[in-house]
Amino acid sequence: MKQQALNQNEQSELQHIRIGLLGLGTVGTGVYRMIEDYQEDLQHKTGCQISISKILVNSPNKLRSIEINPDLYTTDPNEVLQDPNIDMIVEVMGGVEEAREYITQALNSKKHVVTANKDLIALHGGELLSLAGEQNCDLFYEASVAGGIPILRGLGDGFSSDRITKMLGILNGTTNYMLSKMAQEGVDYDTCLKEAQDLGYAEADPTSDVEGLDAARKVAILGTLGYNTEFSLDEVDVQGISSIDQKDVQYGREFGYELKLLGIADKQNEEVELSVQPTFIKKSHPLANVDGVNNAVYVHGESVGETMFYGPGAGELPTATAVTSDLVTVVKNIKLGVNGKGNVAPFNVKKMKPKERRKHSYYVRLLVQDEPGVMATIANSLAENNMSISNMVQKPYSEEKAEVVIVTHEVSLLALEDWKGKIESLNPTLELASCYAVEGGE
Ligand SMILES: NC(=O)c1ccc[n+]([C@@H]2O[C@H](COP(=O)([O-])OP(=O)(O)OC[C@H]3O[C@@H](n4cnc5c(N)ncnc54)[C@H](OP(=O)(O)O)[C@@H]3O)[C@@H](O)[C@H]2O)c1
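Residues numbered from 1 in each chain as written. Predicted model: local features only at pLDDT ≥ 70, side-chain atom pairs only at ≥ 80, totals over all residues. Heavy atoms only, no water.

As annotated in an unreviewed UniProt entry, the chain is Homoserine dehydrogenase from Pontibacillus marinus BH030004 = DSM 16465. Of the comments in the UniProt record for the chain, the one headed Cofactor (unreviewed entry) reads "a metal cation". Its UniProt record gives the chain the following Catalytic activity (unreviewed entry) comment, quoted word for word: "L-homoserine + NADP(+) = L-aspartate 4-semialdehyde + NADPH + H(+)". (UniProt positions renumbered as here; feature names shortened; annotations may be inferred.)

As structure tokens, then:
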């Protein structure tokens, strides 16, 4: 039931928090709408009146989907960053260098910051969080990973008592949409990409999504928060989906798997492995059923066991929900006088897991001469590298060749790479058509 509105006296007694919005695109528009539409609820929750008092944009005269007092617009960042009445900056303009400069200026002027910018946080989060701490300012970035899903708050607060051992995430809606379509409709990669672009899910230059870079930024952020260790983007091994063959999607399904672009953060015996790679997931695993543009993050904690966060990873209002929740936390902290006090600097020593201890099962598709002895060659070459077969099937390919699809038992990445390096020189030779990790059981 809706609470009673505050009367005029109560309203005038409320502390007034003024926000400077950097950007009024998809997310900024959602944030503006939420602050307007939920004003009463926000006042009850925070005990403060919250308003947007300046908006930095590129083109103030652009036609927009909401009506806004034109006096709020500016193209001069100083009008926002130097305004002593502005308490907080919400950075939803994107990009790295300008956003970094503006956030640095805002923190140096003791303005709190909320951002949705994963590119910036993955590259410069450590430096900006240190500065925020020095300035007794809050810097929150919930929307930077999995849009509307409160995964960062889940890791930072909900699981603060536990030790996280594994995080598996479907962190990019565009690629998940494409892979779902390839699986369910048997459509090839190029057709799916074109459709994703026509629907506005994929950008004209889709590289960041399809080559896994967008997901890698989120894995670096998840790893840093989940394992209390500062990881950089270049510590995430990245493989995208652009070379995926429809055939593998369907063969995998015959084995009982769905192919997903998975962000993996795994920690065993203090050693961490971070990657983004197309991965087959057992159909019984909850991540296998996450379809379309949705995101999900599966988290395994030493004490809590298995959990999963699921929902919209992007879009105007879902993303604005995360940004506005951060903003509410900042306002509550202002009331309590504890801004900047909740920042926990990463305290664990970093140890990346070496290839000999990075163990997975693998799906492997080989092209082989269809002749006697070839199966023995495959079996012997695997055995020489301490690899063993969990499942195998042979498929016709051409008059001379056949396809052999294998699912291995767990094997180290080192042994797998060693085997891959040898197979072309075997007699008869084996040609590697594809190879993907398998999660959730063979
Ligand atoms: N879209 C999503 O669903 C989503 C989800 C999670 C996170 N994010 C993150 O949220 C941020 C914003 O994304 P978005 O999709 O809302 O972006 P967008 O639609 O492209 O909007 C960007 C806004 O920033 C303004 N802007 C950009 N560069 C500027 C500059 N140098 N000076 C002044 N104004 C500038 C633009 O002004 P004009 O309007 O005048 O052009 C526009 O209003 C990004 O970091 C993105 O990664 C987005």
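What follows continues from the structure just given.
A. Structural detail: the sheet that holds strand β2 (residues 48–56). Pairing in this open sheet of six strands is parallel, and the strands run β3-β2-β1-β4-β5-β6 from one edge to the other. A single partner strand is all that each edge strand has here, and the edge strands are β3 (73–74) and β6 (139–140). With two bridges joining them, strand β5 (residues 112–115) and β6 adopt parallel strand pairing. Directly across from Val114, in β6, lies its bridge partner Phe140. Together, β1 (15–22) and β2 form the strand contacts of helix α2 (residues 26–37), whose direction differs from that of β2 by roughly 150°. Most of the contacts of helix α5 (residues 97–108) go to β5, to which it runs at about 155°, and overall it touches β1, β2, β4 (88–91) and β5. (Pairing = 2+ DSSP bridges. Helix = DSSP H or I, 4+ residues; strand = E, 2+ residues; numbered from the N terminus. Contact = heavy atoms within 4.5 Å. Axes fitted to C-alpha atoms, helices over the stretch in contact; angles between N-to-C directions.)

B. Highlighting the pairing of β4. Side chains Met88 and Val90 of β4 all project onto a buried face; the interleaved residues Ile89 and Glu91 project onto the opposite face, where all are buried too. Across four bridges, the pairing between β1 and β4 is parallel. If you follow Leu22 over to β4, its bridge partner there is Glu91. Both β4 and β5 contribute to a ladder of four bridges, which runs parallel. For Ile89, the partnering residue across the bridge sits in β5 and is Val113. Crossover connection from β4 via α5 to parallel β5: handedness right-handed. (Buried < 20%, exposed > 50% of the residue type's maximum accessible area, 1.4 Å probe, protein only. Right-handed = clockwise from strand over helix to strand, strands pointing away.)

C. Molecular detail of the UniProt feature "domain: ACT" (unreviewed entry) in the chain. UniProt annotation of "domain: ACT" (unreviewed entry) refers to residues 363–437 when read in the numbering used here. With 28% helix and 44% strand, residues 363–437 has end C-alpha atoms that lie 6 Å from one another.

D. Local environment of the nonpolar core. Within the largest apolar cluster, 55 residues are counted, with the highest numbers of intra-cluster contacts made by Ile151, Met178, Leu222 and Val299. The biggest single contributor to this core is helix α11 (residues 213–227), with seven residues. Among residues more than four places away in sequence, those in contact with Met178 are Tyr189, Cys192, Leu193, Ala196, Val210 and Ile241. The next biggest cluster of nonpolar side chains, apart from the first, holds 34 residues, and it includes Val57, Val92, Ala320 and Leu327. (Core = buried A, V, L, I, M, F, W, Y, C linked by side-chain atoms within 4.5 Å.)

E. Structural view of the pairing of strand β14 (residues 389–396). Judged from the seven bridges that link them, β14 and strand β15 (residues 401–408) form a sheet pairing that is antiparallel. Within β15, the position partnered with Ile389 by the bridge is Thr408. Counted along the chain from β14 to the antiparallel partner β15, the turn is four residues long.

F. How the structure looks around the UniProt feature "active site" (unreviewed entry) in the chain. In the numbering adopted here, UniProt assigns the feature "active site" (unreviewed entry) to Lys218. With respect to the helices and strands, the residue Lys218 is situated in helix α11. Of the residues examined, Lys218 reaches a relative accessible area of 6% and is grouped as buried. A polar contact is formed between the side chain of Lys218 and the backbone oxygen of Leu171, at a distance of 2.8 Å. (Polar contact = N/O pair within 3.5 Å; in protein donor to acceptor, adjacent residues only side chain to side chain.)

G. Spotlight on the packing of helix α8 (residues 173–185) against helix α12 (residues 246–254). For the pair α8 and α12, interaxial distance at closest approach is 9 Å and the crossing angle is 65°. One way to sum up the angle between α8 and α12 is to call them roughly perpendicular. Note on packing geometry: the crossing formed by α8 with α12 is right-handed. Seen from α8, the contacting residues are Met182, Ala183 and Gln184; seen from α12, they are Gln246, Val249, Gln250 and Arg253. Of the residues in the contact of α8 with α12, the class split is three nonpolar, three polar and one charged. (Parallel < 35°, antiparallel > 145°, perpendicular 65-115°, else oblique. Left-handed = near helix turned anticlockwise from the far one by under 90°. Nonpolar A, V, L, I, M, F, W, Y, C, P; charged D, E, K, R; others polar.)

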